[in-house]
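# Close look at the chain arrangement
Listed below, chain by chain, are the residues.
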Amino acid sequence: MKWKISFYSDRVESEVLKLPAGFVARFIRYAERMEIYGPDLGMPHTKAMGDGLFELRLKAAEGIARVFYCTMVEYRIVVLHHFIKKTDKTPAKELSIARARKKEIENGQHPQ
């Protein structure tokens, strides 16, 4: 079954596609793979963050970025949030934004 990738909002899509070129190239490459093989590409490309939240791990000449996403019924992957990584540990603020957006979608509070 083929997966479909969507975004939490047009703003999230625009921001992801405005990342530096190396990150965008990696994102597109991995997104194409996820559409074929599903949301879990395995390490080092994807990592489960718990409670159905995943991170896409982007590494390029510009540095390191993370894109959070979740899966929904009917083979949907929803991109929730992204950030450029500046420390070894994922900032709690970035993770909480992704978790809040995931909860909104699950509770039907955010139209897709």
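That block above? That's the structure.
The notes below deal with the structure included here.

Parameters and conventions
- Residues numbered from 1 in each chain as written.
- Predicted model: local features only at pLDDT ≥ 70, side-chain atom pairs only at ≥ 80, totals over all residues.
- Heavy atoms only, no water.
- Helix = DSSP H or I, 4+ residues; strand = E, 2+ residues; numbered from the N terminus.
- Contact = heavy atoms within 4.5 Å.
- Core = buried A, V, L, I, M, F, W, Y, C linked by side-chain atoms within 4.5 Å.
- Buried < 20%, exposed > 50% of the residue type's maximum accessible area, 1.4 Å probe, protein only.
- Salt bridge = Lys/Arg side-chain N within 4 Å of Asp/Glu carboxyl O.

### A closer look at the environment of G22
Following the sequence through the fold, G22 ends up in helix 2 (residues 21-37). Taking the C-alpha atoms as reference, G22 lies 14 Å from F83; in sequence the two are 61 residues apart. Contacts of G22, omitting those with residues within four sequence positions, involve A60 and E62.

### Focus on the nonpolar core
With 32 residues, the main nonpolar core has F27, L56, L58 and V79 as its most contacted residues. At the level of elements, strand 1 (4-7), helix 1 (10-17), helix 2, strand 3 (53-60), strand 4 (63-72), strand 5 (76-85) and helix 3 (92-106) are the ones that each hand at least two residues to this core. Among the elements that line this core, the one with the most residues is helix 2, at 6 residues.

### Comments concerning the environment of V16
Mapped onto the elements, V16 comes out in helix 1. Separated by 19 residues in the primary sequence, V16 and E35 have C-alpha atoms spaced 17 Å apart. Those residues in contact with V16, other than ones at most four positions away along the chain, are F7, V24, F27, V79 and H82.

### Regarding the pattern of salt bridges
Applying the stated criterion to the full structure yields 4 salt bridges. Close ionic contact of R11 with E15 constitutes a salt bridge, the shortest N to O distance being 2.9 Å. Residue R11 and its partner E15 are located together in helix 1, separated by 4 residues, close to a single helical turn. By relative accessible area, which is 60% here, R11 ends up exposed. A salt bridge links E106 to K102, with the shortest nitrogen-to-oxygen separation between them at 2.4 Å. Here K102 and E106 lie together in helix 3, a separation of 4 residues that amounts to about one turn. Taking relative accessible area as the criterion, K102 reaches 9% and is therefore assigned buried. What you see here is one network of salt bridges that share partners, running through E55, R57 and R66.

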